[in-house]
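# Structural overview for review
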Amino acid sequence: MSNYSSAKNECAGRLRSRCWFDNPCNPGMTSIYIERFPNYGLTREEMQGGKPIIGIAQTGSDISACNRHHLQLESRIRDGIRDAGGIPFVFPVHPIQESCRRPTAAIDRNLAYMGLVEILHGNPLDGVVLTTGCDKTTPACLMAAATTNIPSIVLSGGPMLNSYFKGQLAGSGMAVWEARRLHAAGEISLQEFFEMVASSVPSPGHCNTMGTALTMNSLAEALGMSLPGCASIPAPYRERTQMAYLTGRRIVEMVLEDLTPSKILTREAFENVIVVNSAIGGSTNAPTHIIAIARHIGVDLDIKDWETVGHDIPLLVNCQPAGEYLGETFHLAGGVPAVIGELIAAGKIHTSALAVNGKTMGENYTHTRSQDEKVVRTYDKPLMEEAGFLVVSGNLFDSALVKTSVIGTEFRKRFLATPGSENTFTGRAIVFEGPEDYHERVNDSALEIDETCILVIRGVGPVGYPGAAEVVNMLPPDALVKQGVNQLPCIGDGRQSGTSASPSILNASPESGVGGNLAILQTGDRIHVDLNTRRVDILISDEEIARRRSKMIIDIPASQTPWQEMFRAHVSQQSTGAVLEFAVKYREVAKEIPRHSH
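Given the structure is predicted, the values throughout are model-derived calculations rather than measurements. (Residues numbered from 1 in each chain as written. Predicted model: local features only at pLDDT ≥ 70, side-chain atom pairs only at ≥ 80, totals over all residues. Heavy atoms only, no water.)

## Observations regarding the overall build of the protein
The helix and strand tally for the protein stands at 22 helices and 14 strands. Against the compact-globule benchmark of 25 Å for 598 residues, the protein has a radius of gyration of 25 Å, which places it among compact chains. Across its three principal axes, the protein shows a C-alpha extent of roughly 75 × 55 × 50 Å. Buried residues in the protein amount to 59% of all 598 residues. The contacts in the protein between residues at least 6 apart in sequence include a share of 75% that link residues at least 24 apart. Only carbon and sulfur atoms are counted for the fraction: they give 50% of the accessible area of the protein, which is about 22700 Å². Where the 53 positive side-chain charges of the protein centre and where its 65 negative ones centre are 3 Å apart. (Helix = DSSP H or I, 4+ residues; strand = E, 2+ residues; numbered from the N terminus. Rg over C-alpha atoms; globule rule 2.2 N^0.38 Å. Buried < 20%, exposed > 50% of the residue type's maximum accessible area, 1.4 Å probe, protein only. Contact = heavy atoms within 4.5 Å. Areas by Shrake-Rupley, 256 points an atom, 1.4 Å probe, with all protein chains shown as cover. Lys, Arg positive; Asp, Glu negative; His and termini not counted. Charge placed at Lys NZ, Arg CZ, Asp CG, Glu CD.)

Here it is as structure tokens:
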């Protein structure tokens, strides 16, 4: 046995933190590991007393506005850890701010994931509280928990309070799209545009619509990775601070019980998540993130599962963008527990799946029900039947997503209601090479964009952008908006905000930047969409496709940073989680104690 192998076994059967702080087999290294922490007041007795060392993965910062209140919640997490007999160690996570990071926060998810894996693997931590909120922080943290497999628990930050503009609900994100439409139609000034958008941000917290932030935190609870009722508590509520305390207490118990993510993140848990996502009208960004988590824990989850498992589930939550209300009202109506309780009653949830409180989903949620059926509907009286995603394919791409819960009456009437050809349409493609090209040319009369056209944007996928930009929800030309045409069909290899109500065909994989057939599409081509057969096809011959592919030139912008170059070299497509492909082979890395540092 090598000296390294001997070192790995020095602390077998003990808390992993003891391999750093109390290793009688190697007092020299123990002295090095403990010698600096007293310089800010920790005692040697605390570090060597046998109590679990608990990390608090702090995602709050001035640059991460939607998570900033975790800076205050941290103290209550600490209190809970201390009262349960643990020792808290707070550390920063790479900051992610969805609305401000350029070129897109999507490249930060994998960077934050890798950084967090290294912290959890290489430091004396027995468990971790994952503070989440804004879109990418939740999957980044859960992906790292899956890879390391140390006891982990999610503390969501919670949505903002309900927001209003001129007496009407103005949801975060949604207000941007509506203000953009009103300004294009000439109904509001530029200053009113800014005022309307600013009014949608009334308090600390993440988006109060069912955008990606509230979706992913709701799905963290549905996965079983946060305490029941955690996801939707608004950030300013006292219950959010109380939940921080309870979460701190519970992670210490989880360490002592050895309750690890691999015991929670099962195939059944991921199927539960797909069902819940349909019922809440969740974000189209969820499949990419959830598949990424599944791949890192080693569960086989395919993009098609989002249709086969989730499409038939009705929409129960009446929350923008698919509904009327906002996150605070969703919480008061019962939040995620009410939704899961209704789904259990309908036989749609795997009730034996385990949660971080040590109980099953059935034990946690069987008796939870809606407190306001205008907001959280019963299963037999939903807002919409069959509200899950459709997964479409064709000769333009292998897979793309359609969010059926945001297909509105006006759009359905114009494109999906032709007698004898319901749910199908054909349109002339207008192709844009990224968002800059779209903004520059969408109002060009020479394009002759009318109410039957399909707007296509390419070069905005994980490799092409890089990071997959939220730009697929494209507004029609101003002239059409002024005529009352507020939506056209959109197709793209990028994403769109979970706050968007645009019924787009998005996350097209493979993207144009790696040679997907969106790269050969030309303005003027006709595209046929058939939601019945789940097909999207360019109406040209196979021979013409082959001819165009033979002349295809992939031209993507140069990487601007070292991380962008590394990201592009290793990132997978959105249909497979947009993960770093080399990373998914690493499992339970915290089980292996790293080599000594000196």
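## Digging into the layout of surface pockets
In this structure, the second largest pocket occupies an estimated 720 Å³ of space. What lines the second largest pocket is a set of 32 residues, and nearest its centre among them are Met-174, Trp-177, Glu-178, Gln-487 and Ala-501. The set of elements that each furnish at least two residues to the lining of the second largest pocket consists of strand S6 (168-169), helix H8 (174-184) and helix H18 (409-415). Here the lining of the second largest pocket is built from residues that sort into 16 nonpolar, eleven polar and five charged. (1 Å grid on protein atoms, 1.4 Å probe; cavity = no way out; pocket = protein on both sides within 12 Å on 5 of 7 lines; lining within 4 Å. Points joined across faces, edges and corners; volume = space filled by probe spheres on them. Nonpolar A, V, L, I, M, F, W, Y, C, P; charged D, E, K, R; others polar.)

## Quick notes on the packing of H8 against helix H9 (residues 190-199)
Axis separation between H8 and H9 bottoms out at 9 Å; the angle between their running directions is 165°. Between H8 and H9, the crossing angle belongs to the class labelled roughly antiparallel. Every pair of crossing elements has a handedness; the one defined by H8 and H9 is right-handed. Packed against H8, whose contacting residues are Ala-175, Val-176, Glu-178, Ala-179, Arg-180, Leu-182 and His-183, the element H9 presents Leu-190, Phe-193, Met-196 and Val-197 at the interface. Each residue belonging to the contact of H8 with H9 can be placed in one class, and the counts come to eight nonpolar, one polar and two charged. (Axes fitted to C-alpha atoms, helices over the stretch in contact; angles between N-to-C directions. Parallel < 35°, antiparallel > 145°, perpendicular 65-115°, else oblique. Left-handed = near helix turned anticlockwise from the far one by under 90°.)

## What about empty space enclosed by the protein?
Scanning the model with the defined rule gives three cavities of 30 Å³ or more in all. By volume, the largest cavity is sized at about 100 Å³. Along its surface, the largest cavity is lined by 13 residues, and Ala-106, Arg-109, Thr-288, Gly-467 and Ala-578 are the ones closest to its centre. Counting only elements with at least two residues in the lining of the largest cavity, the list comes to helix H6 (106-122) and helix H13 (286-297). The biggest single contributor to the lining of the largest cavity is H6, with three residues. In terms of residue class, the lining of the largest cavity is built from five nonpolar, five polar and three charged.

## Digging into the pairing of strand S14 (residues 535-538)
Two elements, strand S13 (residues 526-530) and S14, share four bridges in a ladder whose sense is antiparallel. Residue pairing in the sheet places His-528 in a bridge with Asp-537 of S14. Here S13 folds back onto S14, and the loop between the two strands holds four residues, one of which, Arg-534, carries a positive phi near 60°. (Pairing = 2+ DSSP bridges.)

## A word on the packing of aromatic side chains
By the definition in use, this model includes nine aromatic pairs. Joined through ring pairs, the aromatic side chains of Phe-21, Phe-37 and Phe-89 make up one cluster. (Phe/Tyr/Trp six-rings, centres within 6.5 Å; stacked < 30°, edge-to-face > 60°.)

## Examining the pattern of salt bridges
Oppositely charged side chains can form a pair if their charged atoms are brought close together. Going through the model one piece at a time under the given rule, you end up with 30 salt bridges. Between Arg-82 and Glu-46 there is a salt bridge, with the nearest N and O atoms lying 2.8 Å from each other. With a gap of 36 residues between them, Arg-82 in helix H5 (residues 70-83) and Glu-46 in helix H4 (residues 44-48) connect regions that are remote in the sequence. Overall, Arg-82 belongs to the partly exposed group, its relative accessible area being 38%. Among the salt bridges present, the one from Arg-495 reaches Glu-470, with a minimum N-O distance of 3.0 Å. Taken together, the positions of Arg-495 in the loop between strand S11 (490-492) and strand S12 (505-509) and Glu-470 in the loop between strand S10 (454-457) and helix H20 (478-482) put the pair 25 residues apart, joining distant regions of the chain. Residue Arg-495 is classed as buried on the basis of its relative accessible area of 4%. In the salt-bridge network here, residues are joined through shared partners; they are Asp-525, Glu-544, Arg-547 and Arg-548. (Salt bridge = Lys/Arg side-chain N within 4 Å of Asp/Glu carboxyl O.)

## Structural notes on the side chain of Thr-284
Checked against the element boundaries, Thr-284 lands in the loop between helix H12 (267-280) and H13. Using a relative accessible area of 3% as the deciding quantity, one classes Thr-284 as buried. Not counting chain neighbours up to four residues away, the residues in contact with Thr-284 comprise Phe-389, Leu-401, Lys-403, Gln-496, Leu-506 and Asn-507.

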